[in-house]
Amino acid sequence: MIDREQVLHVARLARLELTDEEVARMAGELSDVLGHIERIDQLDLEGVAPTTHVVDVPNALRADEPRASLPREVALAPAPAVEADGFSVPSPQA
Amino acid sequence: MSTDPVRLTAAQAVEALGRGDLSAAELFAAYRERAAADELNAFTWVAEEAPAAQDGPLHGIPIAVKDLFCTTGVPSQSGSKILEGYRPPYTATVVENLEQAGTTLLGKTNQDEFAMGSSNENSAFGPVLNPWDRERVPGGSSGGSAAAVAAGLAPWAIATDTGGSIRQPAALCGIVGMKPTYGAVSRYGMIAFASSLDQAGPLTRDVTDAALLLGHMVSADPRDSTSIGLPEEIALPTAQRLDGIRLGVPEELSGEAEGIEPGVMEAFERTLRVAEELGASVETMRLPHAEHGLSAYYVLAPAEASSNLARYDGVRYGLRANGHDLVSLYTRTRHDGFGPEVKRRIMLGTYALSSGYYDAYYGRAQKVRTKIADDFRAAFERFDFVVTPTAPTVAFGLGTKVHDPLAMYLNDYCTVPMSLAGTPAISIPNGLAEGLPTGFQIAGPAFSENRILEAAHALEGAIGFDGSTALSRGGMPSTPSERGAGRPAGL
């Protein structure tokens, strides 16, 4: 079971603001889904290797050669706020 | 021109263009008119005019593209409010590949937000309606692509499948949908959901078109180091028989006890008999861990999503909410920009990855993934293909499952195991139950795309599914009197 405090803790980790109503609903919904997921607790998985990826590619390396990247103005074009040729944000200490 | 161009499959349209029976401009105009008058909400954006087509084997064939494929200068927001107004500065590799083959971009199609959903009700653009019955969902997350193809608003479409997002809507809309082997197609420029599972594939009206389209999507792309292409070229299938083919029917993914509707099971079993008549052997078998696929998937996919979606913070693109400091800018932008299902999955994934829970959830789910992949490997030593119903139900009513996440997740029960194993699978139309389409899923070992397409082609011919109901109902107003003033006339 997930309680209100856990929901708030996880929301902080996820940088997600939730309304009181969303917090209450989330606690119930996550508990339901986790209840289903916890069925895998019955399986004996001792000694089983985890699968992180299904493609058998060890390290895909490319030649370390300089190449053109997105021009600055193109990268900045979709930004909501731009200042001094950079992405503009409020001060972290505000 | 004797035939209505929107009734041609894409392969037939290629031939008609080659013979000069039809011009690329006429074909584009016919589809553009229908797409612009779309009443299914299948499109999020429709091209004003045909882009200049490159010379290539698919020259002049229009294509619909799921919203989440980045397309230079064209709205691409993965069905989310948080990417409102985003027009990417680059194009996804798979879209580029198709442009080089000669296709013309007809429009972008609606989808569940960030491809999270099985009904297309989680879209910032609103739900898509099923062309067979507008009171019902088209499936998801690629509901717009599937509805557009089924209704003749596009000849074909590309979409993505993470846990069933191509195959399930294909089944619910009565068309063909294929998820290739993980790595066959580049993910570069696909707005990410769960990177170890996401894979692009075709949605088409028949198996031949699926082969034709997939063949032009595949590539090993230096910009996606997990893309490896396919070891052999995709060939257009010709098989009429299934002699000597061994089909395995997993107990865990078939039968009413598994929540599969009786009508869907009847249609599935009818096709098993058809397969036997074509020369195949059919045997019940086991995939002992497949029933745990959903549990593993609903840990792994949200975990990857919670990481992938961290980039939406109101700084570099899309929506920005006002915050008094940097953290409140992030948290409010994400509150305002994400819909309920995306928030749910971010929370679930963050929880599964958080300190103290990582081993119990994420670690165990990765091990279950290994067991499921092992089950398939063992199965393919005895069988050519594993076959199942694609989705447990026919298209369900709009609004009936959207408030019950667990019920919604069960839609993916039969499609998630192959996604976890990274193996290819196709869904083909399998006749009707209660007047609505059902799907027959054929899964094979990694890189068996050509063999799957051959088997699907043989079955398709024998099933003889008629999709013309949805085509003629289309997304257009169904009678002249229902047409709004000023709308383009129907075809």
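Values in this document were obtained by computation on a predicted structure and should not be read as measured data.

Thresholds, definitions, all that
- Residues numbered from 1 in each chain as written.
- Chains lettered and ligands numbered in written order.
- Predicted model: local features only at pLDDT ≥ 70, side-chain atom pairs only at ≥ 80, totals over all residues.
- Helix = DSSP H or I, 4+ residues; strand = E, 2+ residues; numbered from the N terminus.
- Rg over C-alpha atoms; globule rule 2.2 N^0.38 Å.
- Buried ≥ 20, exposed ≤ 12 C-beta atoms within 10 Å, placed from the backbone.
- Contact = placed C-beta atoms within 7 Å.
- Pairing = 2+ DSSP bridges.
- Axes fitted to C-alpha atoms, helices over the stretch in contact; angles between N-to-C directions.
- pLDDT = per-residue confidence, 0-100.
- Core = buried A, V, L, I, M, F, W, Y, C linked by C-beta atoms within 7 Å.
- Parallel < 35°, antiparallel > 145°, perpendicular 65-115°, else oblique.
- Nonpolar A, V, L, I, M, F, W, Y, C, P; charged D, E, K, R; others polar.
- Expected span 1.5 Å × (residues − 1).
- Bend = angle between axes of the 7 residues up to and from the residue.

Digging into the overall build of chain B
What chain B contains, in helices and strands, is 15 helices and 11 strands. The C-alpha radius of gyration computed for chain B amounts to 21 Å, which stays within 12% of the reference 23 Å derived for 491 residues, consistent with globular compactness. Its C-alpha atoms give chain B principal-axis dimensions of about 65 × 55 × 45 Å. Counting all 491 residues of chain B, 65% fall into the buried class. When contacts within chain B are restricted to residue pairs at least 6 apart in sequence, long-range pairs at least 24 apart make up 76% of them.

A look at the pairing of strand β5 (residues 176-179) of chain B
Residue and element names in this part refer to chain B. Neither face of β5 is exposed, since V176 and M178 on one face and G177 and K179 on the opposite face are all buried. As defined by bridge partners, β5 adjoins strand β10 (residues 425-433) across three bridges and the pair is classed as antiparallel. In the strand pairing of β10, M178 is matched with I426.

Some remarks on the sheet that holds strand β4 (residues 157-161) of chain B
All names here are of chain B. Strand order in the open sheet formed by 11 strands is β1-β3-β2-β4-β6-β5-β10-β11-β9-β7-β8, with mixed pairing between adjacent strands. Every other strand in the sheet has two partners, leaving β1 (43-46) and β8 (281-285) as the edge strands with one partner each. Direction aside, neighbouring strands of the sheet carry axes that sit 30° apart on average. Contacts from helix α14 (residues 449-463) reach β9 (385-389), β10 and β11 (436-443) within the one sheet, and its direction differs from that of β10 by about 10°.

Observations concerning the pairing of β4(B)
Residues and elements named next belong to chain B. Most of β4 is tucked away, with five of its five residues classed as buried. As paired elements, strand β2 (residues 62-66) and β4 share two bridges and run parallel to each other. Bridging across to β4, V65 finds its partner in I158.

Some points on the confidence of the model for chain B
All names here are of chain B. Here chain B shows a mean pLDDT of 94. Residues at 70 or above account for 96%. Note on residues 478-491: pLDDT under 50 across the span, and 13 contacts to partners over four residues away in sequence or across chains. Both confidence scores are given for the complex: pTM 0.95, ipTM 0.96.

Some details on the nonpolar core
Membership of the largest hydrophobic core comes to 169 residues, with the highest contact counts inside it found for I63(B), A147(B), A148(B), A154(B), A157(B), V299(B) and I442(B). Residues contacting A148(B), with those up to four places away along its chain left out, are A42(B), F43(B), A64(B), T109(B), L153(B), A154(B) and A157(B).

Topic: unusual backbone geometry
In the segment running from G140(B) into S141(B), the intervening peptide bond is cis, with an omega of 10°. Tracing the backbone through its elements, the reader meets S141(B) in the loop between β3 (104-109) and α4 (143-150). The backbone phi angle of R15(A) is positive, close to 50°, even though this residue is not glycine. As for its placement among the helices and strands, R15(A) is situated in the loop between α1 (4-13) and α2 (20-37). Here E434(B), not a glycine, exhibits a phi torsion of approximately 55°, which is positive. For E434(B), the location among the structural elements is in the loop between β10 and β11. Using a count of 12 C-beta atoms within 10 Å as the deciding quantity, one classes E434(B) as exposed.

A short note on the packing of helix α7 (residues 262-277) of chain B against α14(B)
Residue and element names in this part refer to chain B. At a closest axis distance of 10 Å, the pairing of α7 and α14 adopts a crossing angle of 110°. Taken together, the axes of α7 and α14 lie roughly perpendicular to each other. Note on element contacts: α14 touches α7 through L459, A462 and I463, opposite T271, V274 and A275. Counted by class, the contact of α7 with α14 contains five nonpolar, one polar and no charged residues.

Observations regarding helix α11 (residues 358-382) of chain B
Compared with an ideal rise of 1.5 Å per residue, which puts 25 residues at 36 Å, α11(B) spans 36 Å between its outermost C-alpha atoms and is within 8% of the ideal. For α11(B), the principal kink sits at R364(B) and spans about 25°.

Some thoughts on the interface of chain A and chain B
Listed by partner, the interface residues are 43 residues for chain A and 55 residues for chain B. When contributions to the side of chain A that touches chain B are tallied by element, the ones reaching two or more residues are α1 and α2 of chain A. If you tally residues by element for the side of chain A that touches chain B, the top one is α2(A), at seven residues. Looking at side-chain class alone, the side of chain A that touches chain B contains 32 nonpolar, five polar and six charged residues.

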